[in-house]
Amino acid sequence: MNQPVIEVRGLVKRFGDFVSVDDVSFDVRPGEVFGLLGSNGAGKTTTIRMLCGLLRPSAGVGHILGIDIAREPERLKRSIGYMTQRFSLYDDLTIGQNLRFFGGVYGLRGAAFDARRSWAIDIAGLRGKEGLMTGSLPGGWKQRLALACALLHEPKVVFLDEPTGGVDPLSRRKFWQLIDSLAASGVALIVTTHYLDEAERCDRIALMHAGRIVAMGSVPELKEVFSGRAMLEVSCPRVLDAQALLERRPGIHEVSAFGTTLHVVVDDADHGRATIASTLAGAGFDPLEIERIVPSLEDVFIHCIEAEDERRDAS
Ligand SMILES: Nc1ncnc2c1ncn2[C@@H]1O[C@H](COP(=O)(O)OP(=O)(O)OP(=O)(O)O)[C@@H](O)[C@H]1O
Ligand SMILES: [Mg+2]
């Protein structure tokens, strides 16, 4: 029951000597929204392109709906939905013509196409707009049309590569309602995003950095990296000087700059507060405020990337 529909083991992609995706493994089950999060160039799009049968892996195996990604790329492409990082739509076609084009790509004809077209127009909220030129549409509409086109053939596995880049907050919200309703109907989705609030909406997340998955799990599971420790937010003048002073103190594990504040990971909140106060107040960092906070996904992200960089430097 509920077997994974996406299974990836040890996936690698090399471009010459450069390793773009490095030993990536994960599973995704029906109805799951799986987020790929990571900095620019982390390897998210390259991973997705291999899983969609568009790039041949250098090593490793992947199965989507039981289809081997390296052996049957054509069957794979017909079985999945893929919304690319850049728009796949034709700007000089109308909404209706784009739907017809993608229907043709997926071999939909006659009454079957008409039914799916009608469904797609409804989910994209574009009823009555079929004659509008795609190039003239607002970003949020285009995004919903691109998703609707990728869903015409009712795929059970869908890849969305930065689907909401450059879209306003209200449109992003509507788009995520669509994602949630697809997941509720049993579709498995892989979504890449740079927005941490969107990542929080995923059932599970993989954090990618320099081609590797450096952390994976649900948001509460990821926040466990700080378990047993407390995070304090320190507001004071000259935060970078303060950071350098605090980094050398016992009981202080990590100090990261967040704009005009510092996030400090300590063994114990009360001891940590006392250490910070005595270190900084004595050195003239005034006014000084120290407050305990709940770590955010951004804290987790920075922690995991720094830990990975340290691991690399050490090896
Ligand atoms: N065809 C290619 N030839 C050489 N290098 C490539 C090729 N495609 C991707 N790369 C490199 O692989 C790395 C990962 O790129 P990728 O596009 O997968 O990152 P990403 O995580 O999707 O980044 P972004 O958040 O900017 O979209 C980058 O350093 C990129 O330059
Ligand atoms: Mg990308």
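From a predicted model like this one, the values you see are computed outputs, not experimental measurements.

Q: Hey, could you run me through the site of ligand 1 in this one?
A: Inspection of the region around ligand 1 gives 14 residues, with S20, G41, K44, T45 and T46 positioned closest. Between ligand 1 and the protein, one listed contact pairs an oxygen atom with a side-chain N or O atom of K44 at 2.7 Å. In the model, an oxygen atom of ligand 1 is placed 2.5 Å from a nitrogen or oxygen of the T46 side chain. The protein chains hide 62% of the 640 Å² of surface that ligand 1 would expose on its own. Among the elements that line the shell around ligand 1, the one with the most residues is helix α1 (residues 44–51), at three residues. When its residues are assigned to classes, the shell around ligand 1 shows three nonpolar, nine polar and two charged.

Q: Sorry if this is basic, but what is going on with the environment of V5 here?
A: With respect to the element layout, V5 can be found in the segment before β1 (6–15). By relative accessible area, which is 14% here, V5 ends up buried. For the pair V5 and D27, spaced 22 residues apart in sequence, the C-alpha separation works out to 7.5 Å. Beyond its immediate sequence surroundings of up to four residues, V5 is in contact with V28, R29, P30, H63, I64, L65, V157 and A188.

Q: I would appreciate a short explanation of the pairing of strand β6 (residues 80–83) in the present structure.
A: For a regular strand, side chains alternate in direction, first toward one face of the sheet and then toward the other. Taking every second residue as pointing to the same face, both faces of β6 are buried, with I80 and Y82 on one and G81 and M83 on the other. Pairing between β6 and strand β7 (residues 157–161): four bridges, direction parallel. In the sheet register, M83 faces β7, and the bridge partner there is L160.

Q: I tried to follow the domain arrangement of the protein chain on my own but got confused; where do I start?
A: A common way to express how large an interface is: the accessible area buried when the components associate. As assigned here, the protein chain comprises domain 1 (6–217) and domain 2 (225–314). Put simply, the middle of domain 1 and the middle of domain 2, counted by C-alpha atoms, are 38 Å apart. In this assembly, 13 residues from domain 1 lie in contact with ten residues from domain 2. The contact between domain 1 and domain 2 buries some 940 Å² in all, and 75% of this surface belongs to carbon and sulfur atoms. Of all residues in domain 1, L196, L207 and H209 bury the most surface against domain 2, accounting for 47% of the area lost on that side. R212 is paired through a salt bridge with E308; the nearest N and O atoms lie 3.8 Å apart. At the level of secondary structure, the elements contributing two or more residues to the side of domain 1 that touches domain 2 comprise β3 (33–38), α7 (196–199), β9 (204–209) and β10 (212–217). Taken together, the residues of the side of domain 1 that touches domain 2 break down into eight nonpolar, three polar and two charged.

Q: Which parts of the structure should I look at to understand the sheet that holds β9?
A: Within a sheet, neighbouring strands are paired by backbone hydrogen bonds and run either parallel or antiparallel to one another. The six strands are arranged β6-β7-β8-β3-β9-β10 in an open sheet whose pairing can be described as mixed. What marks the edges here is a single partner per strand, and that holds for β6 and β10. Across the sheet, the mean angle separating the axes of adjacent strands is 15 degrees when strand polarity is ignored. Along the sheet face, helix α5 (residues 139–150) touches β6 and β7 and points at about 160 degrees away from the line of β6.

Rules of the game
- Residues numbered from 1 in each chain as written.
- Chains lettered and ligands numbered in written order.
- Predicted model: local features only at pLDDT ≥ 70, side-chain atom pairs only at ≥ 80, totals over all residues.
- Heavy atoms only, no water.
- Near = heavy atom within 4 Å.
- Polar contact = N/O pair within 3.5 Å; in protein donor to acceptor, adjacent residues only side chain to side chain.
- Areas by Shrake-Rupley, 256 points an atom, 1.4 Å probe, with all protein chains shown as cover.
- Helix = DSSP H or I, 4+ residues; strand = E, 2+ residues; numbered from the N terminus.
- Nonpolar A, V, L, I, M, F, W, Y, C, P; charged D, E, K, R; others polar.
- Buried < 20%, exposed > 50% of the residue type's maximum accessible area, 1.4 Å probe, protein only.
- Contact = heavy atoms within 4.5 Å.
- Pairing = 2+ DSSP bridges.
- Domains from an automatic or database assignment.
- Buried area = accessible area lost by both parts, 1.4 Å probe.
- Salt bridge = Lys/Arg side-chain N within 4 Å of Asp/Glu carboxyl O.
- Axes fitted to C-alpha atoms, helices over the stretch in contact; angles between N-to-C directions.

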